[in-house]
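# A structural walkthrough
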Amino acid sequence: MDNEMTLSFVAISENESLARMAITSFVAQLDPTIDELSEFKTIVSEAVSNAIIHGYDEDGKGIVTVHAVRDGDVISVAVKDNGKGIFDVKRAMEPLFTSKAEMERSGMGFTIMESFADDLQVESEPNVGTVVTFSKKFYSVKMPQIS
């Protein structure tokens, strides 16, 4: 492990941007491409949004924790909540499935996360909480030396 960070915050929607900014700063150490950074921020955003909206029903009382580890050119992140949990993880990960149809949720969060991450794992226990863990390898763009 080369570096590590943990960020915990109240499960309110405006803290999604806090998580995105923190992870952007953390990933910047690897000099990522704009596309890599955008994809990674999207994964974090989806995982944090799920925790806030689905895990805690936006109650403003729960805590979301984002833990990131850099090991060489790979960043691994775990987004954890102690909310409602997911009763059927396999079904929840199906494209277009949503438990919040009344909120016009698209049901594509896990599909988007899977498409941008190199690895994605979801562990959940009803009435205990959920941990979404993902990793991505970064291919740094180094500027050529001018002589």
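Residues numbered from 1 in each chain as written. Predicted model: local features only at pLDDT ≥ 70, side-chain atom pairs only at ≥ 80, totals over all residues. Heavy atoms only, no water.

Time to look at the pairing of strand 3 (residues 74–81). Residues Ile75, Val77, Val79 and Asp81 of strand 3 are buried on one face, while the alternating residues Val74, Ser76, Ala78 and Lys80, pointing to the opposite face, are not. The hairpin formed by strand 2 (residues 63–71) and strand 3 contains 2 residues between the paired strands, and Gly72 there has a positive phi angle of roughly 65°. Of the strand pairs in this sheet, strand 3 and strand 5 (residues 129–137) are connected by 8 bridges, and their pairing is antiparallel. Bridging from a neighbouring strand, Val74 pairs with Lys137 of strand 5. (Buried < 20%, exposed > 50% of the residue type's maximum accessible area, 1.4 Å probe, protein only. Helix = DSSP H or I, 4+ residues; strand = E, 2+ residues; numbered from the N terminus. Pairing = 2+ DSSP bridges.)

Right, let's talk about the nonpolar core for a bit. Ranked by internal contacts, the top residues of the largest apolar core, which has 36 residues, are Phe40, Val77 and Phe134. Per element, the largest residue contribution to this core is 8 residues, and it comes from helix 2 (residues 34–55). In this structure, Val77 is in contact with Ile23, Phe40, Val66, His67, Ala68, Val132, Thr133 and Phe134, ignoring residues within four places of it in sequence. (Core = buried A, V, L, I, M, F, W, Y, C linked by side-chain atoms within 4.5 Å. Contact = heavy atoms within 4.5 Å.)

Any two side chains of opposite charge can pair, given that their charged atoms come close. Using the criterion set out here, one finds 4 salt bridges in the structure. A salt bridge links Glu39 to Lys136; the shortest N-O distance between them is 3.0 Å. Taken together, the positions of Glu39 in helix 2 and Lys136 in strand 5 put the pair 97 residues apart, joining distant regions of the chain. You can call Glu39 partly exposed: its relative accessible area is 24%. Its salt-bridge partner being Asp57, residue Lys84 comes within 3.4 Å of it at the nearest N-O pair. One end of the pair, Lys84, is in the loop between strand 3 and helix 3 (89–92); the other, Asp57, is in the loop between helix 2 and strand 2, and 27 residues separate them in sequence. (Salt bridge = Lys/Arg side-chain N within 4 Å of Asp/Glu carboxyl O.)

This part takes up the environment of Ser76. Among the secondary structure elements, Ser76 is positioned in strand 3. With relative accessibility at 29%, the residue Ser76 sits in the partly exposed group. Residues Ser76 and Phe134, 58 residues apart in the sequence, show an inter-C-alpha distance of 5.7 Å. When near neighbours in sequence (up to four residues on either side) are disregarded, Ser76 contacts His67, Ala68, Val69, Phe134 and Ser135.

A few words on the packing of helix 1 (residues 15–27) against helix 2. Across the interface, helix 1 lies against helix 2 with an axial gap of 9 Å and an inter-helix angle of 145°. In this structure, helix 1 crosses over helix 2, and the sense of that crossing is right-handed. For the pair helix 1 and helix 2, the contacting residues are Glu16, Ala19, Arg20, Ile23, Thr24 and Val27 in the first and Leu37, Phe40, Lys41, Thr42, Val44, Ser45, Val48 and Ser49 in the second. Among the residues forming the contact of helix 1 with helix 2, the class breakdown is 7 nonpolar, 4 polar and 3 charged. (Axes fitted to C-alpha atoms, helices over the stretch in contact; angles between N-to-C directions. Left-handed = near helix turned anticlockwise from the far one by under 90°. Nonpolar A, V, L, I, M, F, W, Y, C, P; charged D, E, K, R; others polar.)

Another point: helix 4 (residues 109–116). Of all the residues in helix 4, the buried ones are Gly109, Phe110 and Met113. Down the axis of helix 4, the buried side of the element spans an arc of 90°, and every buried residue falls inside it. (Arc of directions from axis to C-beta.)

Turning our eyes to something else, we now look at helix 2. Residues spaced three or four apart along an α-helix point in a common direction, a consequence of the helix completing one turn every 3.6 residues. With 22 residues, helix 2 ought to run about 32 Å at 1.5 Å a step, and its terminal C-alpha atoms sit 30 Å apart, in line with that. Among the 22 residues that make up helix 2, 17 are buried, leaving the element largely enclosed by the rest of the structure. Once helix 2 ends, the next one or two residues include Asp57, with phi positive near 50°. (Expected span 1.5 Å × (residues − 1).)

Moving on, we come to the packing of helix 2 against helix 4. Where helix 2 meets helix 4, the closest approach of the two axes is 9 Å, and the angle between their N-to-C directions is 150°. In terms of orientation, helix 2 lies roughly antiparallel with respect to helix 4. You can see that helix 2 and helix 4 cross each other, and the crossing is left-handed. Between helix 2 and helix 4, the contacting residues are Glu39, Thr42, Ile43, Glu46, Ala47 and Asn50 on the first element and Gly109, Phe110, Ile112, Met113 and Phe116 on the second. Residue composition of the contact of helix 2 with helix 4, grouped by class: 6 nonpolar, 3 polar and 2 charged. (Parallel < 35°, antiparallel > 145°, perpendicular 65-115°, else oblique.)

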